[in-house]
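Secondary and tertiary structure notes
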Amino acid sequence: MERTRATIEILNDLILINNDRIKGYERAISELTPGDTELKHLFTNLIGESHQFKLEIATEVAAFGKDIETGSSTSGKLHRTWLDVKAVFSGHSKRSVLEECEFGEDAILKAYQSALTQGILPAYIREILIKHQPILQAAHDKIKALRDKALSQ
C-alpha cells in the first residue's frame, strides 16, 4: 500500500512538472516577436510532447483509481513569478527566453531522474519514463544549442 501511494505521488509530481513545462512554453511563445516562427514551432512541438507524456503518466495514475493532478507545481509558479520580475528589468530578449526554457528543461530532466532513481516504481512505469528521457534530453540539447547561438550573436 505504501509503495502504491509513493508511486502515485511520484507520477503526480511528474504530471505537475509536465504542466509547468506546458505553461512555460506557452509563456515563452507569448514573449517571442512575430518573426520568431521557428522558435514558436519548436515550442509548440514541445508543448505537444508534454501533453503526450502527461497523458501517458495520467493513464497510470487513473489505473490505480486515484486522482490526477491538474495544476502546476509550487516551484513552477514561483519560477514564473520570478520571470515576471526579471522581465521588467531585462525585457523579453530571445536569449533570455531561451535561458529560461533551458532552466525548465533542466528541471524536468532532474525530476525524471529523481523518479527513476528512487527504486519505487514498477518496471512497466519505469519503462514509460525511460522512453520519455531521450526525448526530453534531445529537447534540452536543442534549447541549449539555440541559447548558446543566441549568446554568440
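1. Things to note about the nonpolar core
In summary, soluble globular proteins display a tendency toward joint burial of nonpolar side chains. Counting 19 residues, the largest nonpolar core has L14, I57, Y112, A115, L121, L129 and L136 as its most contacted members. The leading source of residues in this core is helix α1 (residues 2-31), at 6 residues. Sequence-distant contacts of A115, that is, excluding residues within four places in its chain, are made with I10, L14, L121 and L129. A28, F43, I143 and L146 belong to the second largest nonpolar core, which has 16 residues in total.

2. Brief notes about the side chain of H132
Assignment of secondary structure puts H132 in helix α5 (residues 123-152). Polar side-chain contacts of H132 include one of 2.7 Å to the side chain of E56. Among the polar contacts made by the side chain of H132, one reaches the side chain of Y112 at a distance of 2.9 Å.

3. Looking at the pattern of salt bridges
For the structure shown, the criterion picks out 9 salt bridges. Here R21 ties to E49 by a salt bridge, and the two come within 3.5 Å at their closest N and O atoms. Placement of the pair is R21 in helix α1 and E49 in helix α2 (residues 37-63), with a sequence separation of 28 residues. Between R147 and E102 there is a salt bridge whose closest N-O contact spans 3.1 Å. Remark: E102 occurs in helix α4 (residues 94-117) and R147 occurs in helix α5; sequence separation between them is 45 residues.

Thresholds applied
Residues numbered from 1 in each chain as written. Predicted model: local features only at pLDDT ≥ 70, side-chain atom pairs only at ≥ 80, totals over all residues. Heavy atoms only, no water. Core = buried A, V, L, I, M, F, W, Y, C linked by side-chain atoms within 4.5 Å. Buried < 20%, exposed > 50% of the residue type's maximum accessible area, 1.4 Å probe, protein only. Helix = DSSP H or I, 4+ residues; strand = E, 2+ residues; numbered from the N terminus. Contact = heavy atoms within 4.5 Å. Polar contact = N/O pair within 3.5 Å; in protein donor to acceptor, adjacent residues only side chain to side chain. Salt bridge = Lys/Arg side-chain N within 4 Å of Asp/Glu carboxyl O.

Coordinates in, geometry out; function isn't part of it.
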